[in-house]
Amino acid sequence: MTPINPPLAPTSEESALDAREGGSPIPLESVSVECSIDGFAARTVITQCYRNAEDRPIEAVYTFPLDEGAAVCAFEAWIGERHVVGRVRDREEAFEEYDDAVAEGHGAYLLDEERADVFTASLGNVPPRAEVKLRVTTVAELSHDGDALRYVLPTTVPPRYAPVEDRGGVGRSTAETLNPPVALEVPYRLQLEVRVRGGSPLRSVESPSHPISVAIDVTEATVRLAQCDAALDRDFVLLVREAEPHRLRAHVERDDRGRCAACVELVPRLAAGEGPVEMILVVDRSGSMQGSSIAEARNAIQLCLRSLPQGSFFNVVGFGSSFEMLFPESRPYNEETLAEASRHVAVLDADLGGTEILAPLETVLKAEQHAELPRVLLVLTDGDVTNTDPVLELVRRHAGTTRVFAIGIGHGPSRHLLQGLARAGGGSAEFVAPGDRLEAPVLRQVRRALAPALTDVTVEWRGVGAQPAPWRAPALFGGEPARLYALLEGEFGVAREASVVVRARGPEGPVEYSMPLELDAVRPGSLVPTLWARARLRDLEEGSSEFHARARSQQSARRAKRVRREIVRVATEFGLASRETSFIAIEERDEPVEGEAVLRRVRVALTRGWGGIDQLRGHVQLAYDLCSTPPSVPESALKSTFYMSDDVGVHGHRERRIVPIAPTVRPLDRLVALQRVDGAWDLDFALLEVLGLPDELELVEASRALGEAAIPDALIRQAIATALALSFIETQAAEARDEWALLAAKAERWLAAHLADAVVRIRLRDAVRAVLAALSINSLAWAKT
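These figures come from a predicted structure and were not determined experimentally.

Caption draft 1: How the structure looks around the sheet that holds strand β21 (residues 260–266). The strand order β30-β32-β21-β20-β35 describes an open sheet built from five strands, whose pairing is mixed. Single-partner strands in this sheet number two, and they are β30 (465–469) and β35 (523–524). Where strand β20 (residues 250–254) and β35 come together, two bridges link them in parallel fashion. In the sheet register, E253 faces β35, and the bridge partner there is R523. Against the sheet, helix α9 (residues 527–541) makes contact with β20, β21, β30 and β32 (482–489), and its axis sits at roughly 60 degrees relative to β30, the strand it touches most.

Next up, the structure:
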């Protein structure tokens, strides 16, 4: 049996499946969240309630997730009636203060950033029977999800695959740091309240991840969990739609320290178009993709392949502990290669072990590029690895030749990895929760990859000194907003002209966008300055700053020190956690705690759906010869979870056989699989069977529509089949339009190319619809099957 992930060696304490830490009560009792959404950003306050139920002092350590784009701007602790406020210090200096305070018997509270989306809270010297509340405050942009604004609250740290180099070294390894101990269930739960204020009446407020109760009052809404609390085993997602979708033009704020920052939102308008590309699909086939994730990925890839325009080249790469390429190099997109790819994709499984993403990306990016085509990568993964930095650096080095688009799958993908891939590769990232169809976001990504984009983007802040963030302008796609920040310099309050000018190269030549900055209408506030600082830190941490771009010296160690100093300067000046700075709060006690505190690492709940666990729960037994387990998940936890098995007698021995669960295939997926590379369908039994039409279907009327045109019979049959398929998907799968829009466009181009007379095409479509109506096709039954 292939390992799900190479196991980390658990300690004896971590090997017991219990809601208690080594037989002792878990000190974390609850997590409550209060969030306010206003405009394009959200302020989130997370309160963690701890209680030491033991008779001796403890040191509690809890590793938890945050939004990878969030700025962590406040950290406080309440110990009974006492309140201490955290200060931002250099990471090593903060730990020294923490360690010294603990050694002296005082209370100490530390917040460290392990990765942009993983943090660790340490509570030193919690006295017996004492209660402590930690409060973490963040601000973050909301992302766009079609016409909705999307708010995400991560709640789980999934097991992260660690390559060999991250599992060793002096002290606590990277693998141990980013993989807290897990349990199938934990006793603490999530309480949540979100308050929404829209700029126009709210159309809807909904959550695809959790049952919620919503009270809407025109432009305001209050959201709570439908139950009083929920397990912290999946990300909470909220979608907010306004009657008039929010469009930020230019917004300037001055904080209470006199720092002034601007945020502008650019929405470029580009003519639609689809050109051939070299498309490489990079698909995660590690064990954590077991279950619905890999089944959805198979359907999405089939749809993606059929959406490519003629003239394209393509390849499919599956990765796990090793990787497999469909072709040694990208091949032309034709009927033969599509058929081979379809057969290959149909049997893809999550059977390649751990998530070794670096090696396949390196192989693909270093391969010779097709000379005449732009190259794009589409990465599908549940994305949880420890070696994020070298992966992003690799993609960044090849950004001039390859654009990277990413799809995150599951309840807790690493947004830092996936958003980082998109930033480094000039693409975009989408996320799909279980229960949502994967096809629509995949097709949105394919449209972005095929459509013309703005390149060579430059930003000029006129009439005012400005330090931009991000330092490099992000990728710009037609109709999709991009936010740009700048820390402004100079005196404001006097009328003076200032503007932001964005120049780029579009498909038809140079383009320019300009918008004014109203410096005489600066608003008080700290949101925009804080978000500027967060964007600035991200540039520095991810190697995208001016220090990295203009570096000529080969003395990388000295350059790294310079970057580190700048991170510490910005983070301490703006009061933010970062990779190089931590929050530290010290509670000085009149009566210090005596005795050495014992370490209690808080277990986190295993991410819902991880490795197919939900689909198999309650219907399985442990395989007799289980050869490996996921990181930090004890073998006993796998009973009745991971494998469905049957008794099989082989040579008199009792063994277990793995039985896969067959996914349901929609008629739409089957119809998509029958489309030809050129966009047409063939009129054959397979098509009629998928559409539920009788074999003796009368096509006389449809044929007459083309009878006066000098068209070969074979072409007439293809034209009828193509019009038939288009009619079905347009009328009976309308809710899945995002999934088949590119395929339909290919079919329409085929009809236009082969039936040049528009009147003939109209007659054909009308005749096909008449035939379908005469057969009384049940569209609802077909679409919902």
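We are not done yet, so read on.
Caption draft 2: Examining the packing of helix α3 (residues 292–306) against helix α4 (residues 335–346) more closely. Contact geometry of α3 with α4 gives a least axis separation of 9 Å together with a crossing angle of 170 degrees. As summarised for this structure, α3 and α4 are arranged roughly antiparallel, according to the angle between their axes. Touching R298, I301, Q302, L305 and R306 of α3 are L338, A341, S342, V345 and A346, all from α4. Each residue belonging to the contact of α3 with α4 can be placed in one class, and the counts come to six nonpolar, two polar and two charged.

Caption draft 3: Geometry of the pairing of strand β5 (residues 58–65). Counting buried residues along β5, seven of its eight residues qualify, which places the element largely inside the surrounding structure. Relative to strand β10 (residues 118–126), β5 runs antiparallel, the two sharing seven bridges. From the neighbouring strand, A60 faces β10, where its bridge partner is L123. With four bridges connecting them, β5 and strand β37 (residues 598–601) associate as parallel partners.

Caption draft 4: Examining the packing of α3 against helix α8 (residues 439–450) more closely. The N-to-C vectors of α3 and α8 enclose an angle of 35 degrees; their axes lie 9 Å apart at closest approach. α8 is crossed by α3, and the crossing has right-handed handedness. Where α3 approaches α8, its residues E296, N299, A300, L303 and C304 are matched on the opposing element by E439, V442, L443 and V446. For the contact of α3 with α8, a count of residues per class yields six nonpolar, one polar and two charged.

Caption draft 5: The arrangement of the nonpolar core in detail. M279, L378, L438, V442 and L724 are the most contacted members of the largest nonpolar core, which totals 75 residues. Among the elements that make up this core, the one with the highest residue count is helix α16 (residues 713–732) (eleven residues). Contact partners of L378, with chain neighbours within four places excluded, come to M279, I280, L281, V282, C304, F405, A406, I407, V442, Q445 and V446.

Caption draft 6: Representation of the packing of aromatic side chains. Tallying each qualifying case throughout the model produces eight aromatic pairs. Ring-pair connections join several aromatic residues into one group, and the members of that group are Y62, F64 and Y188. In this arrangement the basic side chain of R415 is found over the ring face of F431, its NZ or CZ atom lying 4.0 Å from the centre.

Caption draft 7: View of the sheet that holds strand β15 (residues 189–197). Spatially, β7-β6-β11-β4-β3-β15-β18-β17 is the arrangement adopted by the eight strands of the open sheet, whose pairing is mixed. Of all the strands in the sheet, the pair left with one neighbour each is β7 (82–85) and β17 (212–217). Strand-to-strand twist in this sheet, taken as the mean axis angle between neighbours without regard to direction, amounts to 15 degrees. Across the sheet, α9 lies against β4 (41–51), β6 (71–79) and β11 (131–141), angled at about 85 degrees from β11, the strand it touches most.

How each quantity is defined
- Residues numbered from 1 in each chain as written.
- Predicted model: local features only at pLDDT ≥ 70, side-chain atom pairs only at ≥ 80, totals over all residues.
- Heavy atoms only, no water.
- Pairing = 2+ DSSP bridges.
- Helix = DSSP H or I, 4+ residues; strand = E, 2+ residues; numbered from the N terminus.
- Contact = heavy atoms within 4.5 Å.
- Axes fitted to C-alpha atoms, helices over the stretch in contact; angles between N-to-C directions.
- Parallel < 35°, antiparallel > 145°, perpendicular 65-115°, else oblique.
- Nonpolar A, V, L, I, M, F, W, Y, C, P; charged D, E, K, R; others polar.
- Buried < 20%, exposed > 50% of the residue type's maximum accessible area, 1.4 Å probe, protein only.
- Left-handed = near helix turned anticlockwise from the far one by under 90°.
- Core = buried A, V, L, I, M, F, W, Y, C linked by side-chain atoms within 4.5 Å.
- Phe/Tyr/Trp six-rings, centres within 6.5 Å; stacked < 30°, edge-to-face > 60°.
- Lys NZ or Arg CZ within 6 Å of the ring centre and 35° of its normal.

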